[in-house]
Amino acid sequence: MTCKRLYHFLCLLPLLASCSQDPSSQDLVPLELRVRETVLSRATGRSLPEQAFSATVALTTTEDDYSGLSGSNEGVRDITVATDGTVTWQSPAYYPSDGSWLWLVAFSPVAVPANGQVVYALTGQEDLLYAPQLSGNRWNGERFSGNTDPASDRPLAFRHLLSRLQFSACKAEEKGIAVKIKKITVKEAQSSATLTLATGQVVFGGTAGLSLTLSGEGTEVTGKDPVALGNLIVPPLTGSASGYTLDVETSVGTYSDVPIQFPDASGGALLEAGMSHKVTLTLSDYTLGITSVQVSPWPTVQINDELELIQ
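Residues numbered from 1 in each chain as written. Predicted model: local features only at pLDDT ≥ 70, side-chain atom pairs only at ≥ 80, totals over all residues. Heavy atoms only, no water.

1. Let's talk about the sheet that holds strand β4 (residues 102–108)
Consideration 1: If you walk across this open sheet you meet the six strands as β3-β2-β1-β4-β6-β7, and the pairing is antiparallel. A strand with exactly one partner marks an edge of an open sheet, and here the two such strands are β3 (87–89) and β7 (159–160).
Consideration 2: Sheet analysis places strand β1 (residues 53–60) next to strand β2 (residues 75–81), joined by seven bridges and oriented antiparallel. Bridging from a neighbouring strand, Thr56 pairs with Asp78 of β2. (Pairing = 2+ DSSP bridges. Helix = DSSP H or I, 4+ residues; strand = E, 2+ residues; numbered from the N terminus.)

Next up, the structure:
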């Protein structure tokens, strides 16, 4: 071989080596996500409205199957959702290099799934969020986010899985002794939740009784103007459920089995996921009752006058 031919051959070696590489190591397309930018509302009780929140994304290459998550491009990744709807990955994820489909769901708080489910211990102070399954692939127009036409994007749409009780208390009359509320227990509220990732279905179980313990010696109630006591985030109730009752520990004793009467619950949900219920406790010198339960959507927080987080 002449020197000239040898020179040309050596120049071709890098090109031949690059052509022989595994295609999966070339031209990787990172997976981008964002949260839906219309009619979203922010989770309350877990972090301040202006703060970001963390979630976990489960990725699968088989629709509705989150039991293994051990294949190529499968697994779980933690993300942070900012108040403008942008998503930051704690570790990168990529679309399948051959262009095949990828499915995902997201849930919060951050957790590690097993056999297609996540089990949470409920504290009464932390919300559960779930974003239903989405599908996408690496090709422009089929991506979760980052398509040339943003209308083709498939954003996450988180929703609440629990309901919120907002407690306040007042005296039935201005006269009488002052009373301090020390602790409120929702006796039937169960303490665990099992979330099926493919469907978003939640099954509640565990020991019954979620409590709100007030700081110090309790919150003093002296007059007819309601005093805020705090919130409990609890499993929702259907119309077929028996309802919730309270044990309320005060400075003058414990009031037991106080029923919460939900308005207009015939045939429907007593306590809906994503709804807030303002529960006012009314104290006399001898009794405690619930005078009103006001129902409203979980309060939304406006971002830039239009954008909200979590529906």
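2. Side note on unusual backbone geometry
Consideration 1: Between Ser108 and Pro109 the backbone carries a cis peptide bond, its omega angle lying at 5 degrees.
Consideration 2: You can see Pro109 is positioned in the loop between β4 and β5 (117–121).
Consideration 3: With a phi close to 70 degrees, Asn73 is a non-glycine residue in the positive phi region.
Consideration 4: Its place among the elements puts Asn73 in the loop between β1 and β2.
Consideration 5: With relative accessibility at 26%, the residue Asn73 sits in the partly exposed group.
Consideration 6: Here the phi dihedral of Asn115 falls at roughly 55 degrees; this positive angle occurs in a residue that is not glycine.
Consideration 7: Among the secondary structure elements, Asn115 is positioned in the loop between β4 and β5.
Consideration 8: Judged by relative accessible area, which is 67%, Asn115 ranks as exposed. (Buried < 20%, exposed > 50% of the residue type's maximum accessible area, 1.4 Å probe, protein only.)

3. Quick look at the pattern of salt bridges
Consideration 1: Inspection of every chain in the model, using the stated rule, returns six salt bridges.
Consideration 2: Taking the shortest distance from any N to any O, the salt bridge between Arg34 and Asp153 comes out at 3.5 Å. Taken together, the residues span a long stretch of sequence, with Arg34 in the loop between α1 (3–19) and β1 and Asp153 in the loop between β6 (129–136) and β7 at a distance of 119 residues.
Consideration 3: For Arg34, a relative accessible area of 18% corresponds to the buried category.
Consideration 4: On the basis of relative accessible area, Asp153 is assigned to the buried category, the value being 13%.
Consideration 5: Bridged by salt links that share partners, the residues Lys187, Asp247 and Asp257 form one connected network. (Salt bridge = Lys/Arg side-chain N within 4 Å of Asp/Glu carboxyl O.)

4. Points about the side chain of Thr56
Consideration 1: With respect to the helices, strands and loops of the structure, Thr56 is situated in strand β1.
Consideration 2: Looking at Thr56, the relative accessible area reads 0%, which means it is buried.
Consideration 3: There is a polar contact of 2.9 Å between the side chain of Thr56 and the side chain of Asp78.
Consideration 4: In this structure the side chain of Thr56 is engaged in a polar contact, spanning 3.2 Å, whose partner is the backbone nitrogen of Ala111.
Consideration 5: Dropping the residues within four chain positions of it, Thr56 is found in contact with Val76, Arg77, Asp78, Val105, Ala106, Phe107, Val110 and Ala111. (Polar contact = N/O pair within 3.5 Å; in protein donor to acceptor, adjacent residues only side chain to side chain. Contact = heavy atoms within 4.5 Å.)

5. Section: the packing of aromatic side chains
Consideration 1: One pass over the full model with this rule turns up two aromatic pairs.
Consideration 2: Aromatic pair Phe53 and Phe158: ring centres 5.4 Å apart, planes at 80 degrees, arrangement edge-to-face. Remark: Phe158 occurs in the loop between β6 and β7 and Phe53 occurs in strand β1; sequence separation between them is 105 residues.
Consideration 3: On the numbers, 5.8 Å between centres and 10 degrees between planes, the contact of Tyr95 with Phe144 is stacked. Here Tyr95 is found in the loop between β3 and β4, whereas its partner Phe144 is found in the loop between β6 and β7, with 49 residues between them in sequence. Both residues of the pair, Tyr95 and Phe144, count as buried.
Consideration 4: One Lys or Arg, Arg138, reaches over the ring of Trp139 and ends 5.2 Å from the middle of that ring. (Phe/Tyr/Trp six-rings, centres within 6.5 Å; stacked < 30°, edge-to-face > 60°. Lys NZ or Arg CZ within 6 Å of the ring centre and 35° of its normal.)

6. Quick look at the confidence of the model for the protein chain
Consideration 1: Per-residue confidence for the protein chain gives a mean pLDDT of 81, with 76% of residues at or over 70.
Consideration 2: Taken as a whole, residues 6–25 scores under 50 in pLDDT and shows four contacts with residues more than four places along the chain or in a different chain. (pLDDT = per-residue confidence, 0-100.)

7. Looking at the nonpolar core
Consideration 1: Membership of the largest hydrophobic core comes to 48 residues, with the highest contact counts inside it found for Phe107, Phe167, Ile181, Leu246 and Leu281.
Consideration 2: With seven residues, strand β9 (residues 179–196) is the single largest residue contributor to this core.
Consideration 3: Excluding residues that lie within four positions of it along the chain, Ile181 makes contacts with Ala169, Leu214, Gly218, Thr219, Val221, Leu229, Val248, Glu249, Thr250 and Leu283.
Consideration 4: The next biggest cluster of nonpolar side chains, apart from the first, holds 23 residues, and it includes Val29, Leu31, Val57 and Leu129. (Core = buried A, V, L, I, M, F, W, Y, C linked by side-chain atoms within 4.5 Å.)

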